[in-house]
Amino acid sequence: SHCDDPVMNQTERRKRRFNPTEEDSTPDVERLYRENQPSFACAGGFTAETNEEVEKKKKAVERRKRELAEMPRPDVDDCDKCGKMLLDSWLWTVFALPVCDECKDPDGDHKLISRTQVKEEYLLKDEDLDLRKPPLRFLAKKNPHNPRYGDMKLYVKRQILDRMLVVHGSLDALEMKKESRKDAKEKRAETAFDAKVKEMRQHMRGAAAAKAKAVEVHVHEFGEERNVKDDEWEKKCTTCDYKLTYEKM
């Protein structure tokens, strides 16, 4: 097969690597993934995209760029931290945040946070991020777990904190809401646990009753005795087939 032929594998890799049309239209993560696979057949499900799919991706990227460019920016020219001119600051270009590259704090205020993390840690909803004015800017990146998934949306922590204050009022109010959600979650879990215990007890009681009924001792109720012959007598149970035979002197 192609997967086992090293010469064919090298040829296919060279063709893919130096095909400018495909190289330009394939996302970086997916292209790197392909180049490190022996062939398309062994590339974990990646297949060559049709022209229509490539064109659709290009249009989506252009649309995001237009939306980003049309979003309003603060009317400032200088860095909020040091007062220097912003020029080509990364935070200003991508997030319209007036902070120069020298003052950027990637582990603090300017840390990038995923949309999922924003919702979980700051209890912000989609409408808080996308509809509340002004809509928050984000950086779209390919999902590192699978390039075929939708893009990850990354937000700047400083802008998320500012939006959190608008929505919740204060950090204390946010913590109270998180605690309230935690209590409600624990209460739901406790209710579900109690219901499960009750169900198990009912099942056990039913099983115990069935077992007790199965091992219940039968008490014979005998009818009149009759003489069989000589000193031998017998009497039968009126509720079962048991027959008691005995002698009378």
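Residues numbered from 1 in each chain as written. Predicted model: local features only at pLDDT ≥ 70, side-chain atom pairs only at ≥ 80, totals over all residues. Heavy atoms only, no water.

The name that an unreviewed UniProt entry assigns to the protein is XPA C-terminal domain-containing protein, with the source organism given as Pristionchus entomophagus. According to the UniProt record, the Subcellular location (unreviewed entry) comment for the protein reads "Nucleus". Under Sequence similarities (unreviewed entry), UniProt gives the following word-for-word description of the protein: "Belongs to the XPA family." (UniProt positions renumbered as here; feature names shortened; annotations may be inferred.)

Visitor: Explain the sheet that holds strand S4 (residues 226-229) to me, please; I cannot follow it from the model alone.
Guide: Sheets are built from strands paired through backbone hydrogen bonds, the pairs being either parallel or antiparallel. The three strands are arranged S4-S5-S6 in an open sheet whose pairing can be described as antiparallel. Of all strands in the sheet, those bounded by a partner on one side alone are S4 and strand S6 (243-247). With direction set aside, neighbouring strand axes in the sheet form an average angle of 35°. Taken together, the five bridges between strand S5 (residues 232-236) and S6 define a ladder with antiparallel strand orientation. By the bridge assignment for S6, Lys-235 is matched with Leu-244. (Pairing = 2+ DSSP bridges. Helix = DSSP H or I, 4+ residues; strand = E, 2+ residues; numbered from the N terminus. Axes fitted to C-alpha atoms, helices over the stretch in contact; angles between N-to-C directions.)

Visitor: What should I look at first to understand the packing of aromatic side chains in this one?
Guide: We describe a pair of aromatic rings using the distance from one ring centre to the other and the angle between the two ring planes. Counting across every chain of the model gives three aromatic pairs. Aromatic pair Trp-90 and Phe-95: ring centres 5.7 Å apart, planes at 70°, arrangement edge-to-face. Measuring from ring centre to ring centre gives 6.1 Å for Phe-222 and Tyr-242, while their planes differ by 55°; the resulting arrangement is tilted. Of the two residues, Phe-222 sits in the loop between helix H9 (171-214) and S4 while Tyr-242 sits in the loop between S5 and S6, which places them 20 residues apart along the sequence. Of the residues examined, Phe-222 reaches a relative accessible area of 32% and is grouped as partly exposed. On the basis of relative accessible area, Tyr-242 is assigned to the partly exposed category, the value being 37%. The ring of Phe-138 carries the charged tip of Lys-153 above its face, separated from the ring centre by 4.7 Å. (Phe/Tyr/Trp six-rings, centres within 6.5 Å; stacked < 30°, edge-to-face > 60°. Buried < 20%, exposed > 50% of the residue type's maximum accessible area, 1.4 Å probe, protein only. Lys NZ or Arg CZ within 6 Å of the ring centre and 35° of its normal.)

Visitor: How do you make sense of the environment of Lys-243 when you look at a structure like this?
Guide: Within the secondary structure, Lys-243 is located in strand S6. It is 8.7 Å that separates the C-alpha atoms of Lys-243 and Phe-222, two residues lying 21 residues apart in sequence. Beyond its immediate sequence surroundings of up to four residues, Lys-243 is in contact with Glu-234, Lys-235 and Lys-236. (Contact = heavy atoms within 4.5 Å.)

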